[in-house]
Amino acid sequence: MSKPSDKIFDLIFPKDLPNSLFVILIVACLLLGLSSLRHGTDLQSWLNVIENWLLMLLIFPTATATVALPFKYRDPSLELKLMYYLGMFVAFLFTLAKLRYWR
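What you see is a predicted model; the values in this text were computed from it and never measured. (Residues numbered from 1 in each chain as written. Predicted model: local features only at pLDDT ≥ 70, side-chain atom pairs only at ≥ 80, totals over all residues. Heavy atoms only, no water.)

### Some words on the packing of aromatic side chains
This is how the line gets drawn: Centre distance within 6.5 Å is the pairing criterion for rings of Phe, Tyr and Trp, where only the six-membered ring of Trp is used; planes under 30 degrees apart are then read as stacked, over 60 as edge-to-face, and the remainder as tilted. Secondary structure elements follow DSSP: runs of H or I of four or more residues count as helices, runs of E of two or more count as strands, with numbering from the N terminus. Burial classification: accessible surface area is computed with a 1.4 Å probe over protein chains only, and a residue below 20% of its type maximum counts as buried, one above 50% as exposed, and the rest as partly exposed.
Tallied over the entire structure, the rule returns 3 aromatic pairs. For the pair F22 and Y85, a centre-to-centre distance of 4.6 Å together with 40° between the ring planes defines the contact as tilted. Of this pair, F22 sits in helix α2 (residues 19–33) while Y85 sits in helix α5 (residues 80–101); the two residues are 63 residues apart in sequence, bridging distant segments of the chain. For the pair formed by F22 and Y85, the shared burial category is buried. Summarising the aromatic geometry, the rings of Y84 and Y85 are spaced 6.0 Å apart at their centres and angled 90° between planes, so their arrangement reads as edge-to-face. Residue classification places Y84 among the partly exposed positions, given a relative accessible area of 23%. Classification of Y85 by relative accessible area gives buried; the value is 7%. These aromatic residues form a ring-pair network of at least three members: F22, Y84 and Y85.

### Things to note about the side chain of S35
Selection criterion: Any N or O atom pair separated by 3.5 Å or less is treated as a polar contact, with the protein-specific requirement of one donor-capable and one acceptor-capable atom, and with residues adjacent in sequence counted only for side-chain atom pairs. The contact rule is simple, with two residues in contact once any of their heavy atoms fall within 4.5 Å.
Examined against the element boundaries, S35 turns out to sit in the loop between α2 and α3 (43–67). Look at S35 and you get buried, because its relative accessible area is 17%. A distance of 2.7 Å separates a polar atom in the side chain of S35 from the backbone oxygen of L32. Setting aside chain neighbours within four positions, we find S35 in contact with N52 and L99.

### A word on the confidence of the model for the chain
Keep this limit in mind: What pLDDT expresses is the predictor's confidence in each residue, scored from 0 to 100.
When pLDDT is averaged along the chain, the result is 88; 94% of the residues meet or exceed 70. Taken element by element, the predicted model of the chain shows its lowest mean pLDDT in helix α1 (residues 4–12) (72) and its highest in α3 (93).

### Section: the environment of L25
For L25, the position within the fold is in helix α2. Overall, L25 belongs to the buried group, its relative accessible area being 14%. Those residues within four positions of L25 in sequence are excluded, and the remaining contacts are Y85, M88 and F89.

### Considering a nonpolar patch on the surface
Which entries qualify depends on this criterion: Nonpolar side chains (Val, Leu, Ile, Met, Phe, Trp, Tyr) within 5 Å and like charges within 9 Å form the patches, drawn only from residues with over 30% relative accessible area and no salt bridge. The accessible surface values rely on the Shrake-Rupley method and a 1.4 Å probe; as for residues, cover is taken only from the protein chains in view. Counted as salt bridges are all cases of a side-chain nitrogen of Lys or Arg within 4 Å of a carboxyl oxygen of Asp or Glu.
On the surface, a nonpolar cluster with roughly 580 Å² of combined accessible area is contributed by L43, L47, I50, L54, L58 and I59. For I50, the position within the fold is in helix α3. With a relative accessible area of 44%, I50 lands in the partly exposed category.

Structural data, given as structure tokens:
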């Protein structure tokens, strides 16, 4: 009999790939979002942290999955969960570049 946590992992993560890879990506995005606190811990810095988290964990991944919908219609074997995590990875790279060049 499977544990309830296995069912949750099956819903959240794509199949045939290690779940730890996606957990590491999520944790890396959360930690990178905290980079806005380097200037201080006032309200504006915490609003920037929330903005970074929304950008990396919701906006970019959702936009990528939405753009991939026509490909899902054409190829039913395409996993939209995988496209969501691809968008999360793109947002992670974008945030790294933003931190490097936008001071």
